[in-house]
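Structural overview for review
So you can see what is in the structure, the chains are spelled out below.
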Amino acid sequence: MELIFATHNNNKVKEVAQILPSYLSMKSLTDIGFFDEIEETGKTFEENALLKAKTIFEKTGKNIFADDSGLVIDALNGAPGVYSARYAGTGKDEDNIAKALKELDGKTNRKAYFISIFCLILNGKEYFFEGRIDGTISTEILGENGFGYDPIFIPDGFSKSFAQMSAEEKNAISHRAKAVEKLNNFLINLNKN
Ligand code: ITT
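We now turn to the structure provided with this report. (Residues numbered from 1 in each chain as written. Predicted model: local features only at pLDDT ≥ 70, side-chain atom pairs only at ≥ 80, totals over all residues. Heavy atoms only, no water.)

What to know about the packing of helix α1 (residues 10-19) against helix α5 (residues 175-192)
Between α1 and α5, the shortest axis-to-axis distance is 10 Å and the interhelical angle comes to 50 degrees. Relative to α5, α1 is oriented oblique. The hand of the α1/α5 crossing is right-handed. Where α1 approaches α5, its residues K12, E15, V16 and I19 are matched on the opposing element by R176, A177 and V180. (Axes fitted to C-alpha atoms, helices over the stretch in contact; angles between N-to-C directions. Helix = DSSP H or I, 4+ residues; strand = E, 2+ residues; numbered from the N terminus. Parallel < 35°, antiparallel > 145°, perpendicular 65-115°, else oblique. Left-handed = near helix turned anticlockwise from the far one by under 90°. Contact = heavy atoms within 4.5 Å.)

Observations regarding unusual backbone geometry
Residue P80 is reached from A79 by a cis peptide bond, and omega for that bond is -5 degrees. Phi angles above zero are rare outside glycine, and N77 is one such case at about 55 degrees. With respect to the helices and strands, the residue N77 is situated in the loop between β3 (64-73) and α3 (93-103). A positive phi angle, close to 50 degrees, is found at N123, a residue other than glycine.

Notes on the nonpolar core
L71, I73, I137, Y149 and F153 are the most contacted members of the largest nonpolar core, which totals 18 residues. Of all the secondary structure elements, the ones that give two or more residues to this core are β3, α3, β4 (111-122) and β5 (125-137). The dominant element in this core, judged by the number of residues it contributes, is α3, at three residues. Setting aside residues no more than four positions away along its own chain, I137 makes contact with L71, I73, L101, L104, R110, A112, I152 and F153. Counting residues in each nonpolar core, the second largest holds 17 residues, with F34, I56, I64 and I115 among its members. (Core = buried A, V, L, I, M, F, W, Y, C linked by side-chain atoms within 4.5 Å. Buried < 20%, exposed > 50% of the residue type's maximum accessible area, 1.4 Å probe, protein only.)

Comments concerning the side chain of S116
Structurally, S116 is set in strand β4. By relative accessible area, S116 is classed as buried at 0%. At 2.9 Å, the side chain of S116 and the side chain of D67 are in polar contact. With sequence-adjacent residues up to four places away left out, S116 is seen in contact with D67, D68, S69, F129, E130, G131, H175, R176 and A179. (Polar contact = N/O pair within 3.5 Å; in protein donor to acceptor, adjacent residues only side chain to side chain.)

Section: helix α2 (residues 45-60)
Here α2 spans 23 Å end to end across 16 residues, near enough to the 22 Å set by a 1.5 Å rise per residue. Burial in α2 covers these residues: F45, N48, A49, K52, A53 and I56. Along the long axis of α2, the arc covered by the buried residues comes to 125 degrees, so they all point the same way. Structurally, α2 contributes buried residues whose contacts are with β1 (2-5), α1, β3 and β4. Just downstream of α2, G61 is the residue with a positive phi angle, here 70 degrees. (Expected span 1.5 Å × (residues − 1). Arc of directions from axis to C-beta.)

As for the site of the ligand
Surrounding the ligand, one finds 20 residues, the nearest of these being T7, E40, K52, D150 and K170. Note that an oxygen atom of the ligand is positioned 2.6 Å from one of the side-chain N or O atoms of T7. Between an oxygen atom of the ligand and a main-chain N or O atom of S69, the distance comes to 3.0 Å. Protein burial of the ligand: of its 610 Å² of free accessible surface, 91% is covered by the chains. A breakdown of the residues in the shell around the ligand according to their chemical character gives four nonpolar, eight polar and eight charged. (Near = heavy atom within 4 Å. Areas by Shrake-Rupley, 256 points an atom, 1.4 Å probe, with all protein chains shown as cover. Nonpolar A, V, L, I, M, F, W, Y, C, P; charged D, E, K, R; others polar.)

Some remarks on the pairing of β5
Pairing of β4 with β5 involves twelve bridges; the strand directions are antiparallel. Each bridged residue has a counterpart across the sheet, and for I115 the counterpart in β5 is R132. Hairpin connection between β4 and β5: a loop of two residues separates the two successive antiparallel strands, and N123 in this loop has a positive phi of roughly 50 degrees. Two elements, β5 and strand β6 (residues 153-155), share three bridges in a ladder whose sense is antiparallel. Its bridge partner lying in β6, T136 is registered against I154. (Pairing = 2+ DSSP bridges.)

The following block contains the structure:
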């Protein structure tokens, strides 16, 4: 079964390629030659995931999934949330991280979670899957692996950041891996019925 992954983020493509079950073959937007920006005007992760999946569905009519994800920080009233990619306004991970650390300066509550909402459009119908991982925000940059806010996110039960983990370690517990698992279970059940 072939699915198009409606994302321009190559780090997401890389992660999902490592966790997607082998009966699913994934095509990226680069593979299908779609390079236009998709404006994310939604106020929720669900709205933005749907917007991305729908844009590509309307172009291709094929089966699609999209991932809208972000970091939700308790002491910042949920920021950066849906604005995670654009938090500092420069589009650079290091600027987003610097802003988050600055906003949290002196705060003792460092609780946060990563969330990923997948929107699947299958035979024209929309389905949503959510993955979440709780953790804390470190006081400094830790590690160089991964992308985005990985260097400042320490998942609960661990003493290292996502950026200090191997891809395998992150993929075993991440928000994105959990959303992919739900999508996979849904497709397996669909085939049984
Ligand atoms: P697409 O919309 O093209 O998929 P994007 O990067 O703009 O790519 P989002 O709008 O979903 O994607 O923004 C997600 C941002 O949240 C992402 O750019 C990171 O800053 C952050 N993020 C999401 N998942 C992450 C993860 O696993 N590790 C670190 N940061 C993550």
